[in-house]
Structures are given as C-alpha cells and as structure tokens.
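Fold and geometry: a report
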Amino acid sequence: MTRALITGQLQGRRWMVYSFLIIFLFLFILLLRWPLLPNFLDIYYHLIIADGFNRAGGFLTHDFLQYAPVGRQHLYPPLFHFIILILIKAGLAPLFIGRLLDLLIFPLLLVVIWFFMRTLFYNRAAYFAVLLGSSVYSFYLATTNFIPAAIAVILGLLSIIAEEKNKIISSSILLSLSFYAHAQIPWVFATVFLIYGLLRRDRFKKCIVTLISGIILSLPIILYLFKNRFYYTRQLAHENFAIEMNTIIIL
C-alpha cells in the first residue's frame, strides 16, 4: 500500500510538471510575440476608459468619451478598468499595460483551469484540460481579445473551487467580482451553481447560499445595468460565439 501510494504521488507530480511545462512554453511563445501585442482593438477601448477614470480622478458612471458632447450612462462593469487604472497609477505606459495584460491573461486562465480540474478531480485530468485549452487557437484568441470575459470566467471557476472547499464567503465574493467584471458570463456560473446544487443534494444549501450571497453583493452593478437597460439593443454579435463556445468547453 505504501509503495502504491508513493507511486501515485510521483505520477501526480509528473502530470503537474507536464501541465506547467505547457503553460510556460505558451508564455515563452507569447513573449516572442511581444512587439505584435495586443492582438485586438478591444483592449484599446478599456485603456481609454481607464485613462478617463484617471483624468477624472475616479470612477465615473457617465460615459463622456464615446458619446461626446452629451454622453450617456457608462454600461461596462468596472473591475477590469480598475485593474488598468492601478497599473496606470503605478506609472506604466498604456501600450505596455495592453501588451502585459494580453501576455498574461491566457497563461493565467490555463493555471486556473489546471487548479480547477486538479481540485475537483486529479492531476492527470488537469493536464489534459490544460493540453486541450492550449491546443484550441480560437480559445486563445477569445481569451486575449475579450479579457474582461476571461477574467469573469477565472473568477467564476475560482468561486466554484471555493464552494467545493466549503469557503462560502470567499466563493460568494469571487462570484460577485465576476459580475463586476462582465455583464453576461457571471450568469452562466450562477446557472452552474443552481444546477450543481440540484444534482448534488448534499451541497444544495451551500450552492444556493453562495448564489444568493454573490448576487446580493452584485446588486449595485446588476440594478445599475437593469435601470439603464433601454440603452441596449438586440443585435447579433458574431464575436460572442467564440466566448460562448469556449465557456461551454471550460465548463
């Protein structure tokens, strides 16, 4: 039994090493692409908004940049802009910030996917999850092109891990932060908590408490977006298919 246990532990560590070799290889390849980063225009919008917060001296609910001179209510959840604002306050140049975030977000997501699979299953499953994630080019593009959505996915996965470890307060806070990162992705994880609770009756109460607590903590942004819902229009956004399909792959 002792030999089998030791062998199992060594094999688990081996799969962990393989996983992180893939992640570091991907990070190294992205470093070679540094002059070509960022990949997409979306990050420039977020840099402009964060710079607007910086010039105004704090968070603004009125979007005076895109809809000048009259302006309108600012509808994008602010967490990602706060992250950029912190980096601006640290003295980093906007283009460097855009490249840095574009460089780090995908390896970070792979690490969280590994941690998620390792926590719920085992190291070997985590390795194949990392291998699958790093092999799908559209997954990489969707992650780097839409960083706030990727941050929401990361926070959602961490929230599930925290709930599984019975850390309900941490899980609720992480779920609420996901709502402050993106307007759509968190509702996917809210549905996940509901379905998971229904399938695991022994965890139903904890899942529901996490879900309700996370939504209560997110009420400021949820009610704010709902109040200004008339600014939204129903229009097919083809780029969302990449986000939705890859979220399904992750879940």
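The numbers attached to residues start from 1 for each chain and follow its sequence in the written order. Residue-level local features of this predicted model are given only where pLDDT is at least 70; pairs of side-chain atoms are given and counted only at 80 or more, and the full residue set underlies all totals for whole chains, interfaces and linings. Derived side-chain values reflect all non-hydrogen atoms in the structure, with water molecules and hydrogen atoms excluded from consideration.

**Structural notes on the nonpolar core**
In plain terms, the rule: Only buried residues count toward a nonpolar core, which is a set of Ala, Val, Leu, Ile, Met, Phe, Trp, Tyr and Cys residues joined through side-chain atoms within 4.5 Å. When a residue's accessible area, from a 1.4 Å probe over protein chains only, is under 20% of the maximum for its type it is buried; when over 50% it is exposed; and in between it is partly exposed. The contact criterion used throughout is that any non-hydrogen atoms of two residues lie within 4.5 Å.
In this structure, Ile84, Leu101 and Ile151 are the most contacted members of the largest nonpolar core, which totals 61 residues. Contacts of Leu101, omitting those with residues within four sequence positions, involve Ile43, Phe80, Ile84, Leu87 and Ile147.

**With respect to the packing of aromatic side chains**
Rule in force here: Aromatic pairs are defined between Phe, Tyr and Trp rings, using the six-membered ring for Trp, whenever the two ring centres lie within 6.5 Å; interplanar angles under 30 degrees are classed as stacked, those over 60 as edge-to-face, and all others as tilted. Helix numbers and strand numbers start at the N terminus; a helix is a DSSP run of H or I with at least 4 residues, a strand a run of E with at least 2.
This model, assessed by the stated rule, comprises 19 aromatic pairs. For the pair Phe106 and Phe139, a centre-to-centre distance of 5.6 Å together with 80 degrees between the ring planes defines the contact as edge-to-face. With Phe106 in helix α4 (residues 94–120) and Phe139 in helix α6 (residues 137–145), this residue pair connects regions lying 33 residues apart in the sequence. Classification of Phe106 as buried rests on a relative accessible area of 0%. Relative to Phe128, the ring of Tyr127 lies with its centre 5.0 Å away and its plane at 70 degrees, an arrangement referred to as edge-to-face.

**A short note on the confidence of the model for the protein**
Defined as follows: By definition, pLDDT measures how confident the predictor is in each residue, and it falls between 0 and 100.
For the protein, the average pLDDT comes to 88, and 88% of its residues sit at 70 or higher. Least confident of the elements in the protein is helix α12 (residues 240–250), whose mean pLDDT is 56; most confident is helix α8 (residues 168–181), at 97.

**Some words on the side chain of His74**
Its location among the elements puts His74 in the loop between β2 (72–73) and α3 (79–89). Setting aside residues up to four positions removed in sequence, His74 forms contacts with Tyr45, Ile49, Phe53, Leu60, Thr61, His62, Asp63, His81 and Tyr224.

**Let's talk about unusual backbone geometry**
For the bond from Leu37 to Pro38, the omega torsion is -5 degrees, close enough to zero to count as cis. Positionally, Pro38 belongs in the loop between α1 (2–32) and α2 (42–56). Here the phi dihedral of Asn166 falls at roughly 65 degrees; this positive angle occurs in a residue that is not glycine. Considering the arrangement of structural elements, one finds Asn166 in the loop between α7 (147–164) and α8.

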